[in-house]
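Survey of secondary and tertiary structure
This is what each chain is made of:
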Amino acid sequence: MSPVSDSYGKKGLVSARHRVTMAKLALETSDWIRVDPWESEQDTWTETVKVLRHHYNEALRAFQSKKEFTRNKHPTESSTGNSLSCQQPVLPELKLLCGADFLQTFKTPNLWKEEDIEEIVGKFGLVCISRVGSDPSQFIQESDLLSKFQHNIFLVREWIQNEVSATQIRSALCRGLSVKYLIPDSVIAYIAQHNIYTAESERRNEGHLLQPLRLQNTTINPLRD
Ligand SMILES: Nc1ncnc2c1ncn2[C@@H]1O[C@H](COP(=O)(O)OP(=O)(O)OP(=O)(O)O)[C@@H](O)[C@H]1O
Ligand SMILES: NC(=O)c1ccc[n+]([C@@H]2O[C@H](COP(=O)(O)O)[C@@H](O)[C@H]2O)c1
């Protein structure tokens, strides 16, 4: 999980420090999902394709050093022809995991660069989880770009639909309603301790343009003040 940086400018976005800690608390019991704060620590907002490139390079580096470690530990294996290195190299893969509604943001004018979408679906790939109100397969068919790379888009159907929405959780918290059993107790305690979601936090970035839209605006109209 890679929390976005504060400079994304989304309405109601609380500080990255809190979001990273809440995500870590929520994942305390997971033995396979972890939080990486790299994206949230960047000075400016980072395009998703650049975040993927960063994590892919990290994965490649970890893969290479593991290979070297194995080679040093079993130096004779390569000469006996037993080594994994004799087989086709299996490189790590990195895919972007999202909910079906996220896929639909691809068609929001000026939010995404066409070449970024192409690299995300073409080079990396997408794993998209079903969500009430979104039909990802229809959306893919309607898009020339997405249908070209549909072999690289993996649709996951949730048999038990989970309609939990972060917006609803935040507004319940602001109104003092209970969110017990909807999010982990440790996260509820952290939110209460730091009084994170309030009417004031909900107004943060109100009226601001999202950073990707702002960037596109300056590219399209560079002479504007
Ligand atoms: N209940 C859910 N089922 C499937 N995917 C989800 C669900 N909730 C969030 N996601 C996915 O997780 C990613 C991050 O979502 P986000 O933090 O924007 O939560 P959200 O519930 O969509 O927020 P909001 O309600 O504020 O729009 C997105 O790709 C979103 O589609
Ligand atoms: N052009 C882009 O790379 C681009 C555009 C919009 C959202 N995103 C990313 O999508 C993620 C989710 O954003 P939302 O919560 O606004 O749906 C964030 O990490 C954000 O940085 C990337």
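A brief structural summary. (Residues numbered from 1 in each chain as written. Chains lettered and ligands numbered in written order. Predicted model: local features only at pLDDT ≥ 70, side-chain atom pairs only at ≥ 80, totals over all residues. Heavy atoms only, no water.)

1. Some points on the overall build of the chain
The helix and strand tally for the chain stands at 12 helices and three strands. Taking the principal axes of the C-alpha coordinates as reference, the chain spans close to 70 × 45 × 40 Å. Here the chain holds 225 residues, and the buried ones make up 34% of them. Across the chain, every contact between residues at least 6 apart in sequence was considered, and the portion connecting residues at least 24 apart equals 73%. (Helix = DSSP H or I, 4+ residues; strand = E, 2+ residues; numbered from the N terminus. Buried < 20%, exposed > 50% of the residue type's maximum accessible area, 1.4 Å probe, protein only. Contact = heavy atoms within 4.5 Å.)

2. Remarks on the site of ligand 1
Around ligand 1, the surrounding shell consists of Cys98, Gly99, Asp101, Phe102, Ser130, Arg131, Asn162, Val164, Ser165, Ala166, Thr167 and Arg170. Aspartate 101 places a side-chain nitrogen or oxygen 2.5 Å from an oxygen atom of ligand 1. One nitrogen or oxygen atom from the main chain of alanine 166 is found 2.7 Å from an oxygen atom belonging to ligand 1. For ligand 1, whose unbound accessible area comes to 590 Å², protein coverage reaches 65%. Listed by contribution, the elements that provide at least two residues to the shell around ligand 1 are strand S1 (96-99), helix H5 (100-104) and helix H9 (166-174). Within the shell around ligand 1, the residues separate by chemical class into four nonpolar, five polar and three charged. (Near = heavy atom within 4 Å. Polar contact = N/O pair within 3.5 Å; in protein donor to acceptor, adjacent residues only side chain to side chain. Areas by Shrake-Rupley, 256 points an atom, 1.4 Å probe, with all protein chains shown as cover. Nonpolar A, V, L, I, M, F, W, Y, C, P; charged D, E, K, R; others polar.)

3. Some words on the environment of glutamine 42
Tracing the sequence through the fold places glutamine 42 in the loop between helix H2 (38-41) and helix H3 (48-73). A relative accessible area of 25% means that glutamine 42 is categorised as partly exposed. Separated by 49 residues in the primary sequence, glutamine 42 and leucine 91 have C-alpha atoms spaced 27 Å apart. At 2.8 Å, the side chain of glutamine 42 forms a polar contact with the backbone oxygen of tryptophan 38.

4. Some remarks on the packing of H3 against helix H6 (residues 114-124)
At their nearest, the axes of H3 and H6 sit 9 Å apart, and the two run at 35 degrees to each other. The residues of H6 that touch H3, namely those facing Thr48, Val49, Leu52, Arg53 and Tyr56, are Asp116, Glu119, Ile120 and Phe124. (Axes fitted to C-alpha atoms, helices over the stretch in contact; angles between N-to-C directions.)

5. What to know about the sheet that holds S1
In space, the three strands of this open sheet follow the order S1-S2-S3, with parallel pairing throughout. Edge positions in the sheet fall to S1 and strand S3 (153-156), since each of these pairs with one other strand and no more. Sheet twist, expressed as the average angle between the axes of neighbouring strands with direction ignored, equals 20 degrees. For strand S2 (residues 126-129) and S3, the ladder comprises four bridges, and the chain directions are parallel. Bridge pairing links valine 127 to phenylalanine 154 in S3. (Pairing = 2+ DSSP bridges.)

6. Re the pairing of S2
Taken residue by residue, a regular strand's side chains alternate between the two faces of the sheet. Of the two faces of S2, the one holding Leu126 and Cys128 is buried and the one holding Val127 and Ile129 is not buried anywhere. Two strands pair when backbone bridges link them, and S1 and S2 are joined in this way by four bridges, in the parallel orientation. Bridged to leucine 96 within S2 is leucine 126.

7. Here we look at the site of ligand 2
By nearness alone, every residue bordering ligand 2 is listed as Val4, Tyr8, Lys10, Glu39, Trp45, Glu47, Thr48, Phe102, Leu111, Trp112 and Pro212. Lysine 10 is positioned such that a nitrogen or oxygen atom in its side chain is 2.9 Å from an oxygen atom of ligand 2. Within the backbone of threonine 48, an N or O atom sits 3.0 Å from an oxygen atom of ligand 2. Burial of ligand 2 by the protein amounts to 78% of the accessible area it has alone, namely 490 Å². Tallied by class, residues from the shell around ligand 2 come to seven nonpolar, one polar and three charged.

By themselves these figures say nothing about function.
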